[in-house]
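Observations on the three-dimensional arrangement
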Amino acid sequence: MPGMIAFGRRWGIASDDLVFSGSFELFVRVLWWIGTLALYTLHKGKFDCSGGRVLHSYLVVLLVLLAFIILSLCAIVYVSAQGTITNPGPRRSIPVLVYVRAMLYVPELIWAILGAIWVSDDSRGCEPAEVGAVIAAVVASWILLLSTGVGVLFVFDPLGSRLPGPPSQEQLGVRDLESSEGSQLLSTARSVAVRVWESRLRLLCCCLPQDESHRAAFSSIAQLVSGFFSDTDLVPSDIAVGLALLHQEQDKKEQCRDPDEVLPHSPSSPIAEDLEAELEKAAHCMQFAIAAYGWPMYVYSNPLTGACKLSGDCCKTQSAEYDIVGGDNMGCHFSSILHSTGLQYRDFIYVSFHNQIYEIPFFVALDHKREAVLVAIRGTLSLRDLLTDLSADCENLPVEGVSGTCYAHKGMSQAAGYIYKKLLNDGILNQAFTIAPEYKLVITGHSLGGGTASLLAILLRSSFPSLQCYAFSPPGGLMSKALAEYSKDFVVSVVLGKDLNPNFGEGPLLFLMTSVSLPQYRILLQGCWYELFGGDPDDFPTEMDRREEELSQPLLGEETLLIRGSSSYHSLASEDSPVHCAHLPLYLPGRILHITEDGPSRRCVRYRAEWSSETAFRSVLISPRMIADHMPDAVLRSLHSMTQDRPFNLCPSSGLSFDYLFM
């Protein structure tokens, strides 16, 4: 549903969103009307002081004002509940009702101001109980007024100002956009959107230094986000409805799938023995990937003993002993790495906890058990890391010998370039292979670290042909198809369950275009019930009234400025435009090892591992576990459960001899 047009601008709320906000305010107003009526009834006839008549009149007028407000809210809630998402016709009178409701704020505000004056000036000589009752009424009025003001700020859209149209007030069309004025209008709209998003990012990251690198990152992220939403007319409730419908539809398809269905391997898929070996290697590397997070993840994974184990090592003067460690002033990060990996101090070549935008912590160590020089890169753990994640524009990453277009996620490509220069220019890898020349190079990381590790492996591949990379929960939008194919020889991506990060695609936005014959408030209520208490997804029907090919079209509101059919639009989305780059297809790196739960069990969790393709991760999978499956401890736990020597320790009563199955 497009944003509501009122007071000459677009708002970040739709006409059918007022069911919930209006119902909540109606509930509060009714309670306050009853409370005010009770105060008036109890203290009627007791205002016998000099200003008593004024205070008595205040309560009477307040009751009348609240009654009119309650009636207007009832009308708003009733009309807002009419129609459906795709049939807003029955709600065409909502703007008029909103105007009426807004007009009632004027006398309410005036009366609240007068009430505050009267209580302070005309209450002398009155009984404290009567004065207290009026004070309570005045305070409640101001609370409600301020709450309403905050609500208006929440739904205020800085980009919603409607530009003045032509004298005929006709809507801009493709012909208008083809002209030079249309091109200028589109360019101005895009510039305003970028500035608004950049201001929002600066406000959100006000604690970070506003230097040149941060400003460049804010600008890049703002261009990407504004370009992504420039061709849609969505409000937050649209996203919520789309996610609710998508989750129910996915559960329907999952229930319809034959549980005994076995997916055949492609000719290029490794055999089961290779899969078992890769699981063991992945479980080993994941210990280093989780160790790279430092002490926060160690304490999180060991809540009872972690802090005690680290307390003896932290806050000591270790600068002389730990001269290879950078950015760890108190030594807690490095101490947690020692505990997590079981390595000794002499096994580490370089440890850096320096953290800036595009510069993320990592360490290099000698893994004698696997005879490898191991580079472990940390995932997202700070606001700077989050900005690196959000710098999702594309960046060219030319690789010698790769045919096809080569581009990758900008933030992670920059981070990989930073580590690449440190490893080679500072002689870190040269020092490591001088100590252990027969060892091979292994790169690993989780989340942000997994994506960066994959791109770093691509950069180092020509210098170290035998290197291997294990990327855990990498982002789905990481690299171009050509780079993804090239990386299959040396990169393994490990994805657990319905992890949101690898399963990031266009599913929810496409599902928003589904025609449904239910009001929005019913879909949201049913969706909340389904998420909290479960149930049969068939009890929450959705009707797809449009053909599948129609669902691939962008969701455009009636007031949308950007029209894809216009040559002006395409001229703005040129090869160098962030908007063009944002719509380029990006894929997971390397071969993809997907781990899923293998059926329900009361006493244990069993997992299934299979080789999957990048096309299986092109849409978001909505699930209560989409965040939990991304956590590094969950990934490590699933890998350990499939590679332990005695499977009956996990499921002692199952009677099964294997904890993982091959498809």
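Reading the values: rules and limits
Residues numbered from 1 in each chain as written. Predicted model: local features only at pLDDT ≥ 70, side-chain atom pairs only at ≥ 80, totals over all residues. Heavy atoms only, no water. UniProt positions renumbered as here; feature names shortened; annotations may be inferred. Helix = DSSP H or I, 4+ residues; strand = E, 2+ residues; numbered from the N terminus. Patch = residues over 30% accessible without salt bridge, like charges linked within 9 Å, V, L, I, M, F, W, Y side chains within 5 Å. Areas by Shrake-Rupley, 256 points an atom, 1.4 Å probe, with all protein chains shown as cover. Salt bridge = Lys/Arg side-chain N within 4 Å of Asp/Glu carboxyl O. Buried < 20%, exposed > 50% of the residue type's maximum accessible area, 1.4 Å probe, protein only. Phe/Tyr/Trp six-rings, centres within 6.5 Å; stacked < 30°, edge-to-face > 60°. Pairing = 2+ DSSP bridges. Right-handed = clockwise from strand over helix to strand, strands pointing away. Expected span 1.5 Å × (residues − 1). Contact = heavy atoms within 4.5 Å.

Under an unreviewed UniProt entry, the name given to the protein chain is Diacylglycerol lipase-beta, and the organism recorded is Salmo trutta. Quoted verbatim from the Sequence similarities (unreviewed entry) field of the UniProt record, the comment on the protein chain reads "Belongs to the AB hydrolase superfamily. Lipase family." As stated in UniProt under Cofactor (unreviewed entry), the record for the protein chain gives "Ca(2+)".

Residues annotated in UniProt with the feature "transmembrane region" (unreviewed entry) correspond here to residues 26-43, 55-78, 98-119 and 131-156. The distance from the first to the last C-alpha atom of residues 55-78 is 35 Å, and the span holds 100% helix and 0% strand. A distance of 31 Å separates the end C-alpha atoms of residues 98-119, which is 100% helix and 0% strand.

This paragraph deals with a nonpolar patch on the surface. A cluster of nonpolar side chains, contributed by V60, V61, V64, F68 and L71, occupies part of the molecular surface with about 420 Å² of accessible area. Following the sequence through the fold, F68 ends up in helix α2 (residues 52-80).

This part is about unusual backbone geometry. Within the chain, E371 stands out as a residue other than glycine whose phi angle is a positive 50°. Topologically, E371 is positioned in the loop between β5 (362-367) and β6 (372-377). Accessibility expressed as a relative area gives 47% for E371, which makes it partly exposed. Even without being a glycine, S447 presents a positive backbone phi close to 60°. With respect to the helices and strands, S447 occurs in the loop between β9 (440-446) and α16 (448-460). Since its relative accessible area comes to 8%, S447 is described here as buried.

What follows deals with the packing of aromatic side chains. Per the stated rule, a full pass over the model turns up seven aromatic pairs. Look at Y350 and F362: their rings are 5.6 Å apart centre to centre, the planes differ by 35°, and that puts the pair in the tilted class. On the criterion of sequence distance, the pair formed by Y350 in strand β4 (residues 348-352) and F362 in strand β5 is long-range, its members being 12 residues apart. Here Y350 and F362 have matching classes, each one buried. Between Y486 and F490, the aromatic rings sit 5.4 Å apart at their centres with planes inclined by 75°, giving edge-to-face as the arrangement. A residue is classified by how much of its surface remains accessible, and F490, at 4% relative accessible area, is buried.

Where burial is concerned, most of strand β11 (residues 491-496) is hidden: six out of the six residues are buried. Taking every second residue as pointing to the same face, both faces of β11 are buried, with V491, S493 and V495 on one and V492, V494 and L496 on the other. In this sheet, β11 lies alongside strand β10 (residues 468-472) in parallel orientation, the contact comprising four bridges. By the bridge assignment, C469 is partnered in β11 with V491. In terms of handedness, the path from β10 via helix α17 (residues 481-486) over to β11 forms a crossover that is right-handed. Of the pairings in the sheet, the one linking β11 to strand β12 (residues 591-597) comprises five bridges and is parallel in character. Residue S493 lies in a different strand from β12, and its bridge partner there is I592.

Quick look at helix α14 (residues 410-425) now. Side chains that are three or four residues apart share a direction in an α-helix, a result of its 3.6 residues per turn. Compared with an ideal rise of 1.5 Å per residue, which puts 16 residues at 22 Å, α14 spans 22 Å between its outermost C-alpha atoms and is within 8% of the ideal. All of the buried residues along α14 are G411, M412, S413, A415, A416, G417, Y418, I419 and L423. Immediately downstream of α14, the backbone of G427 shows phi near 70°, a positive value.

You can see A81 is positioned in the loop between α2 and α3 (94-121). On the basis of relative accessible area, A81 is assigned to the buried category, the value being 18%. It is 8.6 Å that separates the C-alpha atoms of A81 and D17, two residues lying 64 residues apart in sequence. Those residues within four positions of A81 in sequence are excluded, and the remaining contacts are V19, P519 and Y521.

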